[in-house]
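Here's the letter readout for the chains.
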Amino acid sequence: YSDQLKNELETSTWLALIDGPGKGKTQFAISIFQEFEDPFRCWISLRNQGDLTSKHFREQIFLWLIQLTNQPELWLAFIYGQIPYQNIIREIAELIKYKGLLVIDDLPQATSQADLYQEIEIAVEEFSNFGAKIITTGQWNLPPLLSVEPLSSVIIHSCPYFSSDD
């Protein structure tokens, strides 16, 4: 089953693992994450971020761009809002291409984090242009009005039983 999910990820952009607590979503994401190399991979945990979830996500994305470009001086421009999020994501997608993976662990409920889900939509759109991949884990269904084109770029699954032997 985990091989099936890996194959599906190859033909799509976003694999959303949605299941209850303790079902192995994070473990499965780790197993895929380990198949990618630094600096072409990024792990962002949103656990316990509360109202700061979207801000934390954007900061982690930007730190990934700094890691990829080795341009720490960009941080001030980011803090002052001079670099639009979509430009940051596009730049990352161009740099990582098909070798890249973004894992977003522990997505919060969509109703409380509409901005975050819009940012993920933008990431999916830009990543799909370059063959990069996104895996998300979470206990909540994705928003019903998710505007990701094409919709075939998103695969939603419950988590396979996963053991460390897999």
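Residues numbered from 1 in each chain as written. Predicted model: local features only at pLDDT ≥ 70, side-chain atom pairs only at ≥ 80, totals over all residues. Heavy atoms only, no water.

Student: Could you give me a rundown of the overall build of the protein, with the residues and numbers involved?
Tutor: Within the protein, the secondary structure is distributed over six helices and five strands. Here the protein has a C-alpha radius of gyration of 15 Å; the compact-globule value for 166 residues is 15 Å, and the two agree. Each of the three principal axes of the protein carries a C-alpha extent, and together these read 45 × 30 × 30 Å. Partitioning the intrachain contacts of the protein with sequence separation of at least 6 by distance along the chain shows that 78% fall at a separation of at least 24. When the accessible surface of the protein is totalled, it reaches about 8,800 Å², and 49% of it is carbon and sulfur. In the protein, 11 side chains carry a positive charge and 22 a negative one; their mean positions are 2 Å apart. (Helix = DSSP H or I, 4+ residues; strand = E, 2+ residues; numbered from the N terminus. Rg over C-alpha atoms; globule rule 2.2 N^0.38 Å. Contact = heavy atoms within 4.5 Å. Areas by Shrake-Rupley, 256 points an atom, 1.4 Å probe, with all protein chains shown as cover. Lys, Arg positive; Asp, Glu negative; His and termini not counted. Charge placed at Lys NZ, Arg CZ, Asp CG, Glu CD.)

Student: Explain the sheet that holds strand E1 (residues 14-18) to me, using residue names and the numbers behind them.
Tutor: Taken in spatial order, the five strands of this open sheet run E2-E3-E4-E1-E5, and their pairing is parallel. The open sheet terminates on both sides in strands that have one partner only, identified here as strand E2 (41-45) and strand E5 (154-157). Going from strand to strand, the sheet's axes swing by 15 degrees on average, the running direction of each strand aside. Relative to strand E4 (residues 133-138), E1 runs parallel, the two sharing five bridges. What sits directly across from Ala16, in E4, is Thr136. (Pairing = 2+ DSSP bridges. Axes fitted to C-alpha atoms, helices over the stretch in contact; angles between N-to-C directions.)

Student: Quick rundown of a nonpolar patch on the surface? Include the residues and the values.
Tutor: Together, Leu76, Ile79 and Tyr80 line one region of the surface with nonpolar side chains, adding up to about 360 Å² of accessible area. Considering the arrangement of structural elements, one finds Ile79 in helix H4 (residues 74-79). The exposure class assigned to Ile79 is partly exposed, which follows from its relative accessible area of 48%. (Patch = residues over 30% accessible without salt bridge, like charges linked within 9 Å, V, L, I, M, F, W, Y side chains within 5 Å. Salt bridge = Lys/Arg side-chain N within 4 Å of Asp/Glu carboxyl O. Buried < 20%, exposed > 50% of the residue type's maximum accessible area, 1.4 Å probe, protein only.)

Student: Help me get a handle on the nonpolar core, residues and values and all.
Tutor: Note that soluble globular proteins tend to have their nonpolar side chains buried in a common cluster. Trp14, Ile61 and Phe127 are the most contacted members of the largest nonpolar core, which totals 36 residues. Looking at this core, the elements that each hand over two or more residues are E1, E2, helix H3 (53-69), helix H5 (85-96), strand E3 (101-107) and helix H6 (114-130). Of all the elements, H3 adds the most residues to this core, at seven residues. Aside from chain neighbours lying at most four places away, what touches Phe127 is Thr13, Trp64, Ile89, Ile92, Ala93, Ile96, Leu102, Ala132, Lys133 and Ile134. Counting 13 residues, the second-largest nonpolar core is a separate cluster that includes Leu15, Ala29, Val103 and Ile155. (Core = buried A, V, L, I, M, F, W, Y, C linked by side-chain atoms within 4.5 Å.)

Student: Could you give an account of the packing of aromatic side chains, naming the residues involved and the relevant values?
Tutor: A complete count under the given rule lists six aromatic pairs for this structure. Seen in terms of ring centroids, Phe62 and Trp75 are 5.9 Å apart; in terms of plane orientation they differ by 45 degrees. Their pairing is tilted. One end of the pair, Phe62, is in helix H3; the other, Trp75, is in helix H4, and 13 residues separate them in sequence. What makes Phe62 buried here is its relative accessible area of 0%. Pairwise contacts between aromatic rings join Phe62, Trp75 and Phe78 into one cluster. (Phe/Tyr/Trp six-rings, centres within 6.5 Å; stacked < 30°, edge-to-face > 60°.)

Student: Requested: an account of the pattern of salt bridges, with residues and values cited.
Tutor: A side chain of one charge can pair with a side chain of the opposite charge if their charged atoms are brought near each other. All chains considered together, the criterion is met by seven salt bridges. As a salt-bridge pair, Glu35 and Lys6 come within 3.0 Å of each other at their nearest N and O atoms. Linking Glu35 in the loop between helix H2 (25-33) and E2 with Lys6 in helix H1 (residues 2-10), this pair joins segments that are 29 residues apart in sequence. Salt bridges here are not isolated pairs; linked through shared partners, they connect Arg47, Asp105 and Asp106.

Student: I'd like a description of the packing of H3 against H5, backed by residues and values.
Tutor: Between H3 and H5, the least distance of the axes is 10 Å, while the angle of their chain directions is 45 degrees. Compared by their axis directions, H3 and H5 come out oblique. Helix-helix and strand crossings are classified by hand; for H3 and H5 the assignment is left-handed. Facing H3, whose interface residues are Phe57, Arg58, Ile61, Phe62, Trp64, Leu65, Leu68 and Thr69, H5 presents Tyr85, Ile88, Ile89, Glu91, Ile92, Leu95 and Ile96. Grouping the constituent residues of the contact of H3 with H5 by class yields twelve nonpolar, one polar and two charged. (Parallel < 35°, antiparallel > 145°, perpendicular 65-115°, else oblique. Left-handed = near helix turned anticlockwise from the far one by under 90°. Nonpolar A, V, L, I, M, F, W, Y, C, P; charged D, E, K, R; others polar.)

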